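Here are the chains, one letter per residue:
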Amino acid sequence: MNFDKHGFDAKKSKIEHFLEVKQCSVSSESWGGTWNDTNEEKALAFSDDRLFTVVAVWKGASDLQFMVYGQNKELGYHLLNQQKKTKFW
């Protein structure tokens, strides 16, 4: 992982574990989260054992409903495939 370039949201102080926080809203038309800062390299970083993800689910702008925390090796590959589908050349 290119730690300098990606700018993950948090890092454990004594070990190489990183946290990325993403947001979505139950009030919107779709449940799609905000992943617009993800390039191909960062997408694949989501499959790295050192990266954990939190998805915060909001109702409106200030009413946090719940958060989901964890890891899934397939997440990076899914994000990469979604990028390839939506790239404009």
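Per chain, residues are indexed from 1 in the order of the written sequence. Two thresholds apply to this predicted model, a pLDDT of at least 70 for residue-level local features and 80 or more for giving and counting side-chain atom pairs, whereas whole-chain, interface and lining totals are computed over all residues. Water and hydrogen atoms were dropped before computing side-chain values, which therefore reflect all heavy atoms in the structure.

**Q** An account of the packing of aromatic side chains is requested, with residue identities and associated values reported.
**A** Only centres within 6.5 Å qualify two rings of Phe, Tyr or Trp (six-membered ring in Trp) as a pair; their planes then separate them into stacked at under 30 degrees, edge-to-face at over 60, and tilted for everything else. Tallying each qualifying case throughout the model produces 1 aromatic pair. Relative to Tyr69, the ring of Phe52 has its centre 5.7 Å away and its plane inclined at 5 degrees; by these criteria the two rings are stacked. Of this pair, Phe52 sits in strand β3 (residues 51-59) while Tyr69 sits in strand β4 (residues 63-70), and the two are 17 residues apart along the sequence. What makes Tyr69 exposed here is its relative accessible area of 54%. Secondary structure counts use DSSP, requiring at least four H or I residues in a row for a helix and at least two E residues in a row for a strand, with both numbered from the N terminus. Only protein chains enter the accessibility calculation, which uses a 1.4 Å probe; a residue is then buried when its area is under 20% of its type maximum, exposed when over 50%, and partly exposed in between.

**Q** Before we move on, could you go through the pattern of salt bridges and cite the residues and values that matter?
**A** What makes a salt bridge here is a side-chain nitrogen of Lys or Arg within 4 Å of a carboxyl oxygen of Asp or Glu, nothing more. All chains considered together, the criterion is met by 5 salt bridges. Here Arg50 makes a salt bridge to Asp48, at a shortest N to O gap of 2.9 Å. Using a relative accessible area of 28% as the deciding quantity, one classes Arg50 as partly exposed.

**Q** How would you summarise the pairing of strand β2 (residues 18-25) if you had to cite specific residues and measurements?
**A** In this analysis, strands are considered paired if DSSP registers two or more bridges between them. Sheet analysis places strand β1 (residues 10-11) next to β2, joined by 2 bridges and oriented antiparallel. Looking at β2, one finds that Lys11 is bridged to Phe18. Remark: 6 residues form the turn of the hairpin made by β1 and β2, two consecutive strands paired antiparallel.

**Q** So what's going on with the environment of Phe46? Which residues, and what values?
**A** Considering the arrangement of structural elements, one finds Phe46 in the loop between α2 (40-45) and β3. Among the residues examined, Phe46 registers a relative accessible area of 2% and is labelled buried. Taking the C-alpha atoms as reference points, Phe46 and His78, separated by 32 residues in sequence, lie 9.6 Å from one another.

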